[in-house]
Structure formats: C-alpha cells, structure tokens
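Commentary on secondary and tertiary structure
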Amino acid sequence: MKPIYLTNTLTKRKEEFKPIKAKRLTFYSCGPTVYDYPHIGNMRFFIVNDIIKRAFLYNGYKVKHIINLTDVGHLTSNADFGEDKMEKAKQREGKTAWDIAKFYTAAFKHDCQQVNTIPPTKYVKATSCIKEQIKLIELLEQKGFTYQTSDGIYFDTSKYQDYGKLGKINLTNIQTGARVEMNREKKNKTDFALWKFSPKNVNRDMEWRSPWGIGFPGWHLECSVISTKNLGQPFDLHTGGIEHIPIHHNNEIAQSEAAYNKPLANFWLHLEHLNLASGKMSKSSGDFITIHSLLEKNIDPLAFRYFVLQTHYAKRILFSWEALQAAANGFKNLQYQISQIKGKGKINQDYQNKFITAINDNFNTPQALAFVWEILKDQKLTEPDKKATILSFDKVLGLKLDKIKTIKIPTAIKTLAEERWQAKVAKDWNKSDQLRKDLEKKGYLIEDNIDSYIITKK
Ligand code: AMP
Ligand code: ZN
C-alpha cells in the first residue's frame, strides 16, 4: 500500500496520513447551510471532498463519511450576531424554516448527484441532535468554560490554553471589531456562543427549551457533536473551506477538546475557494451561479467537475464562463476519444503507479488528468489497454467515463473528417465547407475545438 500525503492545517506541513484504525478512514466534512440553492463554489468543495473519499477507497480504505446539514443557528454574520439564515429565508419565501430546510436539502442532494459525488455514509441535520448539543454545553459548564450574557451562553476562550492553534492564527489579528461592538458583554473578542436565547419579539420557528432558557444552539456546536457522535473522538480527517480556519474550526476544537481533553481530529484539510472577480462566491451576496445555471447554458455538470479537477484543491479558482467552456470542450473531447475505443484491455501498471503517486500526493488532480491525456497519446499502449487504465482512474476522478457508449464511425467517414480538418488547417474554406456538407449528408456532424474535432452522429 502506497502512503498518502496531505497538508495538515494543524502542523501546516505535508504529512503522511496515519489512520487511527488500519485501512479505515473516519471523515467529516462541514456541510451546507440549507437556506438557499448551493452555488458552484459549494459544489467545488463537495467535489473535492468526493475526490478525497474516492482516493482513500482506491487505496483500499473503508471510509465512514459524515456531512452535517446546517438547518439552524448559522447567523448572517457567520459569528454571534445577525439573523439566523434560516429565519431570514423564511421571510424571503413565506415558508416555515422547516420547509426551507427540507427544500434546499433536497436541492443540495440533487446537485451533488449531478456532479457524481458518492453520498456520505450519513447526512446529519443540526436540528436532529439538539439534546446532545445541550449536553455538551452542560459538560463545558461543569468544567468552568462557560458564562452567561443577556443573549446567550458563551465559551470563554481565555480558559482554553490552546485556543487558535489550528493554522497557528494570530489572535490579535482576528477581525472581530464588529463582533465586540455587537456584544459588549463578551469577556474576550474570540469568545463564541454555545447557546443563543430566542430574541424577544421575534417569532422563531426553530427553538428549544434548555437549562438556560428557550433558544437555539450556536453554529459551531453541531459540528463538534455530529462528528464525534458518529465517528468518535478523535477521528481521522476533518475538512472545510479555508474561511473556516480562524473561527469555526478553532471554535470546534476549543469546545470539543476542552470538554473531553483529547484531540477532535488528527488531520485537518482546508480547501480553497471558487471566486468571482468580485471575490468569494457566496450565497449571501445573492450573486452566484448554480448547477442549474450551467444546465441552462447546456453545460454538463460533469464538465464542471472536470473543470474543478484541473486545479489543485489548495489553489483558488477564478471562475469565468470562458474557462469553464474551454474545460467543457476538453471534457467532450475526452468522452469522444473514449467512445472510439472498443474491446477489453488491461490496466497499465506503470501508469497506474504514476496515477496513485499523484493522487496520494495531496490529491494532485491536475497531474492525474495530465496522465489521462498522456495515455491517450501514448503509441506504445493498445487502445483497449488505454481505455481500461483510464476507466480505472475514473474510480477516483468520477467523470462517469464508464457510462460512455462506444460509437462506431466507419473508416470512410473518419477519412473524410480528417480531410476536412486538414483543409480547415490550410484555410481552404471552400473545401472544408464542402466536406462538412458531404459528411452531413452521410449523417455525421463535426464539432471543432481549438486543436481537434469530434465526429457525432446526426
Ligand atoms: P455553506 O453552505 O455556505 O455553509 O458552505 C458549505 C461548504 O462550502 C463549506 O465547507 C464552505 O467552506 C464551502 N464554500 C462556501 N463558499 C465556497 C466557495 N466560494 N468556494 C469553495 N467552497 C466554498
Ligand atoms: Zn463545521
């Protein structure tokens, strides 16, 4: 078994992954807040999580994967003040917060299916484990880590020595000026809410009794509770977007480790964002692109997956329609080349070794895709062996290449198409137009890319 290396945010170094139990991965990913449609930035995150999971499976691991569904408690500030995003959506849509959660959870699962992610072992809703969240607060209270203000129960970060250890953040640099202004009762800038009281004069759909009063859990709590309830503490791997390092994940660590005096997770992996020119794509800005918007432009969601894989997870993607279209053309060409190969072949061991080395090296998907193209051009491999090798890689890449039907294009048609391409390259437009028409009459269409073409049946 080859080692897997990943950049652990706890140490800020690339490390060899060591599981708690041999050949088993316990894996937690911070899931969506289900108050609006997921955007393609979110989908990048879940595609990369899927690649990580598939990479472990390819290496012979058994994977237990949990994704939480944030259906309560995530406030518009992403901190301790502002409206609950669910309650805000309820005003926007005139439904109950429960219906909003149900609707957007279904939309999220549908989009995940469209980009071919393997569902997690379990999705767990924050509202499904309120009792356990209250228990964790009680434990922290017994241990002296909490205090009460007029709007909730807070975690006192000055009592937890290692606060801020994830990503070795500089606490004085944390931009919490606004947070302090909003709540002068907090003892330290970095303290965070464990339980929020339902605001007076606000009619909340989601609220529960607790030993401290009616309210709802602080946003960070659900991840601590859902992860350890399902995976144990510590578990192997926790992932999230990079924006979660300074606050959300340091808070998860503080409350879980203060309560149980042992690490929450051994490895933390943070994924870069997909941005628009204006900055991070976010639901709250209202300016976002969804999988549905891609379909409206006739772009296959799997082409978006291919687009995501072209960039390493630790690098930001600056989204543009042109770049996505270029990736979609490349993906079509790949599908086409696979569709031309008939017969069963064998996996080429050299390429497979190279592929595993690339994937196990911090999930290097751009390198893995480069090997796919190298194989297709490699004259030393038989066509069926090329296909067998690439289909094996696709267990990790997840581009559904095994679903592509073989299309038989007669040699005479291929010859005509090549003649047309050469005429086009020579800028003999009359000849290339004529040949295109001839091909059409015979029932075949030509689609040109920058440096190649595809033949399809009419
Ligand atoms: P949310 O639904 O906004 O709570 O986010 C769900 C997951 O998507 C989180 O782990 C975020 O870090 C991640 N995420 C949010 N926005 C982006 C983005 N623009 N690019 C990549 N990942 C994102
Ligand atoms: Zn989380």
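From a predicted model like this one, the values you see are computed outputs, not experimental measurements.

Conventions adopted
- Counting of residues starts from 1 at the beginning of each chain's written sequence and follows it residue by residue.
- Working convention: letters from A go to chains and numbers from 1 go to ligands, in the order in which they are written.
- Local features are withheld for residues below a pLDDT of 70 in this predicted model, meaning they are given only at 70 or higher, and side-chain atom pairs are given and counted only at 80 or more; totals for whole chains, interfaces and linings count all residues.
- Think of the side-chain values as coming from all heavy atoms in the structure, minus any hydrogens and water.
- Here's how the labels work: a residue is buried when its accessible area is under 20% of the maximum for its type, exposed when over 50%, partly exposed in between, all with a 1.4 Å probe on protein chains only.
- The way it works is that DSSP assigns letters per residue, a run of H or I at least four long becomes a helix, a run of E at least two long becomes a strand, and they are numbered from the N terminus.
- Only when DSSP finds a minimum of two bridges between them are two strands counted as paired.
- Here the term right-handed applies to a crossover when the path leading from its first strand over the helix to its second strand runs clockwise, the strands being oriented away from the viewer.
- Contacts between residues were defined by any pair of non-hydrogen atoms, one from each residue, lying within 4.5 Å.
- UniProt positions are given in the numbering used here, feature names are shortened, and annotations may be inferred rather than shown by experiment.
- Each axis is a line fitted through C-alpha atoms, and for a helix only the stretch in contact is used; angles between axes span 0 to 180 degrees, taken between their N-to-C directions.
- Crossing handedness is defined as follows: a turn of the near helix away from the far one that is anticlockwise and smaller than a right angle gives a left-handed crossing, while the clockwise case is right-handed.
- Residues are grouped as follows: Ala, Val, Leu, Ile, Met, Phe, Trp, Tyr, Cys and Pro are nonpolar; Asp, Glu, Lys and Arg are charged; every other residue, Gly included, is polar.
- Joining through side-chain atoms within 4.5 Å is the link that ties buried Ala, Val, Leu, Ile, Met, Phe, Trp, Tyr and Cys residues into a set, and such a set is a nonpolar core.
- Start and end positions for the domains come from either an automated domain assignment or a database one.
- Nitrogen and oxygen atoms within 3.5 Å of one another constitute a polar contact, given that in protein one can donate a hydrogen and the other can accept it, and given that sequence-neighbouring residues count only through two side-chain atoms.
- To pair, rings of Phe, Tyr and Trp, with the six-membered ring standing in for Trp, must have centres within 6.5 Å; the planes then decide the type, stacked if under 30 degrees apart, edge-to-face if over 60, and tilted in the middle.
- We call a charge positioned above a ring when the Lys NZ or Arg CZ atom is no farther than 6 Å from the ring centre and deviates by at most 35 degrees from the ring normal.
- Sodium, potassium and calcium take a 3.2 Å donor cutoff, other metals 2.8 Å, and in both cases only N, O and S atoms count; water is not among them, so sites may look incomplete.
- Definition of nearness: a residue and a molecule or strand are near each other if at least one heavy atom of the residue lies within 4 Å of the molecule or strand.
- Accessible surface area values rest on a Shrake-Rupley calculation with a 1.4 Å probe, where residue burial reflects the displayed protein chains alone.
- What gets called buried area is simply the loss in accessible area from a 1.4 Å probe that two parts show on being joined, summed for both.

Remember that side chains alternate between the two faces of the sheet whenever the strand is regular. The buried fraction of strand S4 (residues 62-69) is high, at six of eight residues. Looking at chain direction, strand S3 (residues 24-29) and S4 are connected through six bridges and run parallel. Each bridged residue has a counterpart across the sheet, and for Phe27 the counterpart in S4 is His65. After leaving S3, the chain enters helix H1 (residues 40-58) and then returns to the sheet as S4, a path that is right-handed. Pairing of S4 with strand S5 (residues 122-125), which is carried by four bridges, proceeds in the parallel orientation.

Turning next to the side chain of Thr26. Note that Thr26 resides in strand S3. Aside from chain neighbours lying at most four places away, what touches Thr26 is Lys64, Leu231, Phe235, Asp236 and Leu237.

Turning to the sheet that holds strand S14 (residues 317-318), a few remarks are in order. Strand order in the open sheet formed by three strands is S13-S12-S14, with mixed pairing between adjacent strands. In this open sheet, the two edge strands, each paired with only one partner strand, are strand S13 (279-280) and S14. Pairing geometry for strand S12 (residues 274-276) and S14, over two bridges, is parallel. Following the sheet pairing, Asn275 is matched in S14 by Leu318.

Quick look at the UniProt feature "short sequence motif: 'HIGH' region" (unreviewed entry) in the protein chain now. Mapped onto this numbering, the UniProt entry gives "short sequence motif: 'HIGH' region" (unreviewed entry) at residues 32-42. Segment residues 32-42 splits into 27% helix and 0% strand. End C-alpha atoms: 8 Å apart.

Right, let's talk about the packing of helix H4 (residues 130-142) against helix H7 (residues 245-260) for a bit. Two elements in contact, H4 and H7, have axes whose closest approach is 9 Å; the angle formed by their N-to-C orientations is 65°. Regarding H4 and H7, the two cross each other, and that crossing is left-handed. Between H4, through Leu136, Leu139 and Leu140, and H7, the contact on the second element is made entirely by Gln255, Ala258, Ala259 and Tyr260. For the contact of H4 with H7, the residue count by class is six nonpolar, one polar and no charged.

The next thing to look at is the nonpolar core. Judged by nonpolar contacts, the single largest core of 86 residues is most densely connected at Ile40, Phe56, Phe304, Leu334, Phe363 and Leu397. Here the element with the most residues in this core is H1; it accounts for ten residues. Both domains that meet at this core, namely domain 1 (5-271) and domain 2 (276-403), each give it at least three residues. If you look at the next biggest cluster of nonpolar residues, it comprises 35 residues, including Val124, Tyr160, Phe192 and Ile226.

This brings us to the side chain of Ser227. Of note, Ser227 is situated in helix H6 (residues 219-231). A distance of 3.2 Å separates a polar side-chain atom of Ser227 from the backbone oxygen of Ser224. Excluding anything up to four places from it in sequence, Ser227 contacts Tyr28, Glu222, Gly232, Phe235 and Leu264.

What follows deals with the packing of aromatic side chains. Under the defined criterion, the tally for this structure stands at 25 aromatic pairs. On the numbers, 5.0 Å between centres and 90° between planes, the contact of Phe56 with Tyr61 is edge-to-face. Summarising the aromatic geometry, the rings of Phe304 and Phe307 are spaced 6.0 Å apart at their centres and angled 35° between planes, so their arrangement reads as tilted. A residue pair is termed a helical-turn pair when its members lie 3 or 4 positions apart in one helix, as Phe304 and Phe307 do in helix H9 (residues 301-309) at three residues. Each of the two residues, Phe304 as well as Phe307, counts as buried. Taken together, the aromatic side chains of Phe17, Phe56, Tyr61, Phe267, Tyr313 and Phe363 make up a single cluster linked through ring pairs. Note that Lys95 overlies the ring of Phe103, its terminal NZ or CZ placed 4.2 Å from the centroid. The lysine or arginine in question, Arg204, covers the ring of Phe216, its NZ or CZ lying 3.5 Å from the ring centre.

Okay, the coordination of the zinc ion (ligand 2) next. Around the zinc ion (ligand 2), the protein contributes the donor atoms Cys30 (SG), Cys223 (SG), His248 (NE2) and Glu252 (OE), which lie 2.1 to 2.8 Å from the metal centre. Within one chain, the residues serving as donors to the zinc ion (ligand 2) are arranged as C-x192-C-x24-H-x3-E. In this pair, Cys30 sits in the loop between S3 and H1 while Cys223 sits in helix H6, placing the two residues 193 residues apart along the sequence. Each member of the pair, Cys30 as well as Cys223, carries the same accessibility label: buried.

This brings us to the site of ligand 1. Around ligand 1 sit 17 residues, and of these Thr33, Glu243, Leu274, Met281 and Lys283 come closest. In the environment of ligand 1, a nitrogen atom lies 3.2 Å from a nitrogen or oxygen atom belonging to the backbone of Gly41. Within the contact set of ligand 1, a nitrogen atom lies 2.9 Å away from a backbone nitrogen or oxygen of Leu274. When the free accessible area of ligand 1 is taken as 490 Å², the share hidden by the protein chains comes to 95%. Among the elements that line the shell around ligand 1, the one with the most residues is H1, at three residues. Residue composition of the shell around ligand 1, grouped by class: five nonpolar, eight polar and four charged. Domain assignment of the residues forming the shell around ligand 1 places at least three in each of domain 1 (5-271) and domain 2 (276-403).

The domain architecture assigned to the protein chain consists of domain 1 (5-271), domain 2 (276-403) and domain 3 (411-457). Taking the mean C-alpha position of each, domain 1 and domain 2 sit 30 Å from one another. Taken over both partners, the interface formed by domain 1 and domain 2 buries close to 3,200 Å², and the fraction arising from carbon and sulfur atoms is 63%. Among the residues of domain 1 in contact with domain 2, Ile40, Arg44 and Tyr58 are the three that bury the most area, contributing 26% of the side total.

With that out of the way, let us pick up the sheet that holds strand S7 (residues 152-155). Working definition: the strands of a sheet are paired by backbone hydrogen bonds and lie parallel or antiparallel to each other. Strands sit in the order S6-S7-S8-S9 across an open sheet of four strands; the sheet is antiparallel. Every other strand in the sheet has two partners, leaving strand S6 (146-149) and strand S9 (215-217) as the edge strands with one partner each. This sheet shows a mean twist of 25° between the axes of neighbouring strands, independent of strand direction. Relative to S9, strand S8 (residues 192-197) runs antiparallel, the two being bridged by three bridges. The partner of Trp195 across the bridge, within S9, is Pro217. Against the sheet, H4 contacts S6, S7, S8 and S9, and its axis sits at roughly 120° relative to S8.

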